[in-house]
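# Tertiary structure, described
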Amino acid sequence: MGATLATALALVAAAEPTWSAADLKTLRGLWIGALKPPPPDPSNKVADNAKAADLGRALFSDTGLSANGQVSCASCHQPGHAFTDALPTGHGVGTGNRRTMPIAPAVYSPWQFWDGRADSLWAQALGPVENPAEHGFSRTEVARVLAARYSDAYERLFGPLPDLADRNRFPLRAAPGGDPAAKAAWEGMSDADQILINRVYANFGKAVAAYERTLKIRPSRFDAYLAGVFGAPDPHARLSPDELAGLRLFIGKGQCANCHNGPLLSNHGFANTGVPAHPDLPRDLGRAAGVRAAVADPFNCKGVYSDAPAGCEELEFAVIDNPGQVRAYKVPSLRGVGQRAPYMHAGQFSSLEQVVDHYSRAPRAPDGASEIKPLRLSADERRQIVAFLRTLDEQPAPSPHG
Amino acid sequence: MPQFARINRRSLAYRVLGGVALLAVVLAGGVAAAKPRDLNISLDRPSDRGVFRVRIQSQVAPIPLSRVHPWTVHLTDQAGLPVSGAVIAIDGGMPEHHHGLPTAPRAASAATPGDYLISGMKFSMTGWWVLNLSIKAPDGRTDRITFNMVL
């Protein structure tokens, strides 16, 4: 009996890794305990307004905000699927060019979309609505939906809606980047009326953003393990030897934590990692084009629809015209990554195994230059990294009945 | 802006890798500079040709990750006298990862002699970063300096 106990203790001791002081510093940075409340968004005065979040929640799942009456934000950002779909690229009215991104981590990011072409959550929310492959809608139609069905909630937050009765002044379907008829209708509007509609459209985005800011990152088994590492007295999760080896590779030889750092396992930056181009999609310059779009966006932090009195530092000091931005895409959060295949900005890889294999081989980029070097990971090492990544699965929300 | 970027990319290559030929290799994605063992991480040093002495300091300690924050520069000449009114261009990046700074910081004169404020600094990951300052004093003296930081 004594010998059995001694053997058991020895096995436990063998399974408990020893982390160096530097490792512990890195691990503490990855822990969800290091996650602060979302940064304020001075460009959105209703960012943390509960009534705006209520309105935004309703708008988020309203299929009336689409050309065919069947597409809402929630069609691709499915609440039951970590706010993504399981598709290589999103399906709205048509098929888009990019993989649907999860929303909760985006609340922390200074740049939205895979290429960072919007500099706030609310500016991001406006893009898909007028994208012909997504909602296929127009901003005058959005204003009419708000007036018809949300006017009380809207006006309490933002003041009176414009009177849209005159269809000569406010065409049914008008958008600056829409189909030719919608574009012509937009160009036929007076500057003042365009501004009235843009303001309503911006407020629509701000309400949606307020809802998105209420979405929470849920802890993973990895966090429960770290709680034990950092001395939490409560029972905490253990990781298997493979998962621990994978974690060691993640913060060491695999160099994953160089970019996938911080409590969201993302530095919110952009990198060209040599991801293959999607064979059926047009040439895609990634961040190189995205930053130009963000700077030119009338709905950016420095624009007239922004509530920010000053600041906008990310936009003010944005890097433009740098060759390193060609085919650079956002470094995504890895929280819940095992639950949301396929991967990369156009769903190029269907499994985590393929992703880790790509980083191990580090092939030449199809355009621009890849930042990564071959890691030459063994099959065991690749399997261990995948095992670790699966410990990042978000745990289910606690049931209301305990 | 494109010209600014070009000049600074060259300065990075000269400083860190030692030549334009290597720059071409780096842009082709072939070689990354490995961190030297004897990396000088002092943030208070004479410039390359000794024209100035340059001291830089983050205004947020410890240096934050993934957050825009300001730095200060104190610039003196060989005699230790403050140099005001200089034009300071800033560039940098991570030699081991083929990328530049995630933001485009700018320096402006502060109120006190020899002092400057760098706005828009941000570091997006841990590791070895270089920060290059190209300095042009109002009397025409110029020099450069590369600072190293390990975050």
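Residues numbered from 1 in each chain as written. Chains lettered and ligands numbered in written order. Predicted model: local features only at pLDDT ≥ 70, side-chain atom pairs only at ≥ 80, totals over all residues.

Now for the overall build of chain B. Scanning chain B for helices and strands turns up two helices and nine strands. Starting at the N terminus and ending at the C terminus, chain B contains elements arranged as α-α-β-β-β-β-β-β-β-β-β. The buried share of chain B, reckoned over its 151 residues, is 32%. Once local pairs closer than 6 in sequence are excluded, the contacts in chain B between residues at least 24 apart make up 57%. (Helix = DSSP H or I, 4+ residues; strand = E, 2+ residues; numbered from the N terminus. Buried ≥ 20, exposed ≤ 12 C-beta atoms within 10 Å, placed from the backbone. Contact = placed C-beta atoms within 7 Å.)

Okay, the overall build of chain A next. From N to C terminus, chain A includes 15 helices and two strands. For chain A, whose C-alpha radius of gyration is 23 Å, the value lies close to the compact-globule estimate of 21 Å for 402 residues. With respect to the principal axes defined by its C-alpha atoms, chain A has extents near 90 × 50 × 40 Å. Looking at chain A as a whole, 46% of its 402 residues are labelled buried. (Rg over C-alpha atoms; globule rule 2.2 N^0.38 Å.)

Residues and elements named next belong to chain A. At a closest axis distance of 9 Å, the pairing of helix α14 (residues 352–361) and helix α15 (residues 379–390) adopts a crossing angle of 130 degrees. Here α14 is positioned oblique relative to α15, judged by the angle of their axes. When you trace α14 past α15, the crossing you get is right-handed. Residues L352, E353, V356, D357 and S360 of α14 lie in contact with α15, whose contacting residues are R382, I385, V386 and L389. When grouped by side-chain class, the residues that make up the contact of α14 with α15 number five nonpolar, one polar and three charged. (Axes fitted to C-alpha atoms, helices over the stretch in contact; angles between N-to-C directions. Parallel < 35°, antiparallel > 145°, perpendicular 65-115°, else oblique. Left-handed = near helix turned anticlockwise from the far one by under 90°. Nonpolar A, V, L, I, M, F, W, Y, C, P; charged D, E, K, R; others polar.)

Going from A341 of chain A to P342 of chain A, the amide bond is cis rather than trans, its omega being -5 degrees. Summarising the element assignment, P342 of chain A is placed in the loop between β2 (329–330) and α14. In this chain, A61 of chain B is followed by P62 of chain B through a cis amide linkage whose omega measures -5 degrees. Topologically, P62 of chain B is positioned in the loop between β2 (52–58) and β3 (69–77). At S66 of chain B, a residue that is not glycine, the phi angle is positive and equals roughly 60 degrees.

It is worth spelling out the interface of chain B and chain A at this point. Of the residues lining the interface, 25 residues belong to chain B; the matching set on chain A comes to 24 residues. Mapped by element, the contributors of at least two residues to the side of chain B that touches chain A are α1 (2–17), β5 (99–100) and β7 (115–121) of chain B. A breakdown of the residues in the side of chain B that touches chain A according to their chemical character gives 13 nonpolar, 12 polar and no charged.

Let's shift gears to the sheet that holds strand β1 (residues 44–46) of chain B. All names here are of chain B. What the five strands build is an open sheet, ordered β1-β2-β3-β7-β6; its pairing is antiparallel. Each having just a single partner strand, β1 and β6 (106–109) make up the two edges of the open sheet. Taken pair by pair, the neighbouring strands of this sheet meet at an average axis angle of 25 degrees, ignoring direction. Sheet analysis places β2 next to β3, joined by seven bridges and oriented antiparallel. (Pairing = 2+ DSSP bridges.)

Residue and element names in this part refer to chain B. With antiparallel pairing, four strands are arranged side by side in an open sheet as β5-β4-β8-β9. On the outer flanks of this sheet lie β5 and β9 (142–150), each paired with one strand and no other. Pairing of strand β4 (residues 87–94) with strand β8 (residues 128–136), which is carried by seven bridges, proceeds in the antiparallel orientation. Across the sheet, the residue bridging to G93 is V130, located in β8.

All names here are of chain A. If you check the domain split of chain A, you get domain 1 (2–39 + 218–390) and domain 2 (50–212). Domain 1 and domain 2 are separated by 29 Å when their C-alpha centres are compared. At the interface, 36 residues of domain 1 touch 30 residues of domain 2. Elements with a contribution of two residues or more to the side of domain 1 that touches domain 2: α12 (287–296), α13 (313–316) and β2. Here the residues of the side of domain 1 that touches domain 2 sort into 20 nonpolar, 10 polar and six charged. (Domains from an automatic or database assignment.)

This part takes up helix α6 (residues 139–149) of chain A. Among all positions in α6 of chain A, only R139, T140, E141, V142, A143 and L146 of chain A are buried. Buried-residue contacts for α6 of chain A involve α5 (121–130), α7 (151–158) and α9 (191–212) of chain A.

All names here are of chain B. Of all nine residues that make up β8, seven are buried, and the element is covered over most of its length. As judged from the nine bridges shared by β8 and β9, these two strands associate in the antiparallel manner. Residue pairing in the sheet places K136 in a bridge with T142 of β9.

Moving on, we get to the pairing of β3 of chain B. Inspection of the sheet shows β3 of chain B paired to β7 of chain B by five bridges, in the antiparallel sense. Opposite W71 of chain B, over in β7 of chain B, you have I118 of chain B as the bridge partner.

A word on the packing of α6 of chain A against α9 of chain A. In a packed pair of helices, the relevant descriptors are the angle between the two axes and the axis-to-axis distance. Residues and elements named next belong to chain A. In the contact formed by α6 and α9, the axes pass within 9 Å of each other and the chain directions differ by 70 degrees. The orientation of α6 with respect to α9, classified from their angle, is roughly perpendicular. Here the hand of the crossing between α6 and α9 comes out left-handed. On α9, the residues that touch R139, T140, V142, A143 and L146 of α6 are I197, N198, V200, Y201 and F204. Tallied by class, residues from the contact of α6 with α9 come to seven nonpolar, two polar and one charged.

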